[in-house]
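Reading the structure
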Amino acid sequence: NAGVTQTPKFQVLKTGQSMTLQCAQDMNHNSMYWYRQDPGMGLRLIYYSASEGTTDKGEVPNGYNVSRLNKREFSLRLESAAPSQTSVYFCASAFVQNSDTQYFGPGTRLTVL
Amino acid sequence: QKEVEQNSGPLSVPEGAIASLNCTYSDRGSQSFFWYRQYSGKSPELIMSIYSNGDKEDGRFTAQLNKASQYVSLLIRDSQPSDSATYLCAVIGGGSNYKLTFGKGTLLTVNP
């Protein structure tokens, strides 16, 4: 049981490049989330998917898109990376959206030059 | 904007002491409250969840919730150097707001 996995672990991009961060969970969870964590800012929600087939914006969605590919997988895409998107990105999942514990993946450390 | 505020820290306690971490939240309708621990360079991991007013104990950890005062705290008894980490308070808002809002965290250092 791997829990929540993320790829890649580290990535360096140049401004304007695009990339997709992958997330998968094997816990049969319904809800999945993408957060970014910046020094002094805490964890901020980018997008979430309450259940397969639905996605919604979080606190900081600008510059990102998401796809809930199936129940297990939830990807985050940066179409045109900017230095302001340099951050650590965490994927999380929960069995149900309301009130349930979220389990986090190991994170992706992204640097945009 | 629903907010979660934590005492800014850093907090330093000697080994064996009680560490007290505090958190206030703005959404009066919030029903679910969590404490996560995050070691440097690692992902957050759940320590405690609490949903009802009062205390909830799990080993050396006690979470306390006071919905009237919109206040949740975490006490760590017999603090160990391995407890040194950033502690994140998180709240799920009431009504249709299902999003988990995190505080900025409090860095705890336990000195041997």
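Shown above is the structure to which this text applies.
Here the structure is a predicted model, which is why all the values come from computation and not from measurement.

Conventions adopted
Residues numbered from 1 in each chain as written. Chains lettered and ligands numbered in written order. Predicted model: local features only at pLDDT ≥ 70, side-chain atom pairs only at ≥ 80, totals over all residues. Heavy atoms only, no water. Helix = DSSP H or I, 4+ residues; strand = E, 2+ residues; numbered from the N terminus. Pairing = 2+ DSSP bridges. Axes fitted to C-alpha atoms, helices over the stretch in contact; angles between N-to-C directions. Contact = heavy atoms within 4.5 Å. Salt bridge = Lys/Arg side-chain N within 4 Å of Asp/Glu carboxyl O. Polar contact = N/O pair within 3.5 Å; in protein donor to acceptor, adjacent residues only side chain to side chain. Nonpolar A, V, L, I, M, F, W, Y, C, P; charged D, E, K, R; others polar. Core = buried A, V, L, I, M, F, W, Y, C linked by side-chain atoms within 4.5 Å. Buried < 20%, exposed > 50% of the residue type's maximum accessible area, 1.4 Å probe, protein only.

It is worth spelling out unusual backbone geometry at this point. Cis geometry is adopted by the peptide bond preceding A:Pro8, which originates at A:Thr7 and carries an omega value of -5°. Mapped onto the elements, A:Pro8 comes out in the loop between strand E1 (4-7) and strand E2 (10-13). Of note in this structure, A:Asn28 is not a glycine but carries a positive phi near 60°. For B:Asp78, which is not glycine, the phi dihedral falls at a positive 45°.

So, about the sheet that holds strand E7 (residues 61-66) of chain B. All names here are of chain B. In space, the five strands of this open sheet follow the order E1-E3-E8-E7-E6, with antiparallel pairing throughout. Edge strands, defined here as strands with exactly one partner in the open sheet, are strand E1 (4-6) and strand E6 (54-58). Recorded for the sheet is a direction-independent mean angle of 20° between the axes of neighbouring strands. As paired strands, strand E3 (residues 19-25) and strand E8 (residues 71-76) are joined by six bridges and run antiparallel to one another. Looking across to E8, one finds that Ala19 is bridged to Ile76.

We now examine the interface of chain B and chain A. Accessible area lost upon the coming together of the parts serves often as the stated size of an interface. Counting residues at the interface gives 19 residues for chain B and 21 residues for chain A. The interface formed by chain B and chain A includes zero salt bridges. The interface formed by chain B and chain A includes three residue pairs in polar contact (both at pLDDT 80 or more). Listing elements by their share of the side of chain B that touches chain A, those giving two or more residues are strand E4 (32-38), strand E9 (85-92) and strand E10 (100-102) of chain B. Considering every element that reaches the side of chain B that touches chain A, the biggest residue donor is E4(B), with four residues. Here the side of chain B that touches chain A is composed, by residue class, of ten nonpolar, six polar and three charged.

With that settled, the discussion passes to the nonpolar core. Counting residues in hydrophobic clusters, the biggest one holds 23 residues, and the most contacted among them are B:Trp35, B:Val72, B:Leu74, B:Ile76 and B:Tyr87. When contributions to this core are tallied by element, the ones reaching two or more residues are E3, E4, strand E5 (45-50), E7, E8, E9 and strand E11 (106-111) of chain B. Beyond its immediate chain neighbours, meaning those up to four positions away, B:Val72 contacts B:Leu21, B:Asn22, B:Cys23, B:Phe33, B:Trp35, B:Ile50, B:Gln64, B:Leu65 and B:Cys89. With 20 residues, the next largest nonpolar core counts A:Leu13, A:Met19, A:Trp34 and A:Val112 among its residues.

Turning to the pairing of E4(B), a few remarks are in order. Residues and elements named next belong to chain B. With seven of seven residues buried, E4 lies mostly within the body of the structure. Of the two faces of E4, both are covered, the one formed by Ser32, Phe34, Tyr36 and Gln38 as well as the one formed by Phe33, Trp35 and Arg37. When E4 meets E9, the two strands line up antiparallel, connected through seven bridges. Residue pairing for E9: Arg37 is matched across the bridge by Tyr87. Here E4 pairs with E5 via five bridges, running antiparallel. In the strand pairing of E5, Trp35 is matched with Met48. What sits between the antiparallel neighbours E4 and E5 is a turn of six residues, in which Gly41 has the positive phi angle 80°.

By themselves, these are just geometric observations and shouldn't be taken as functional.
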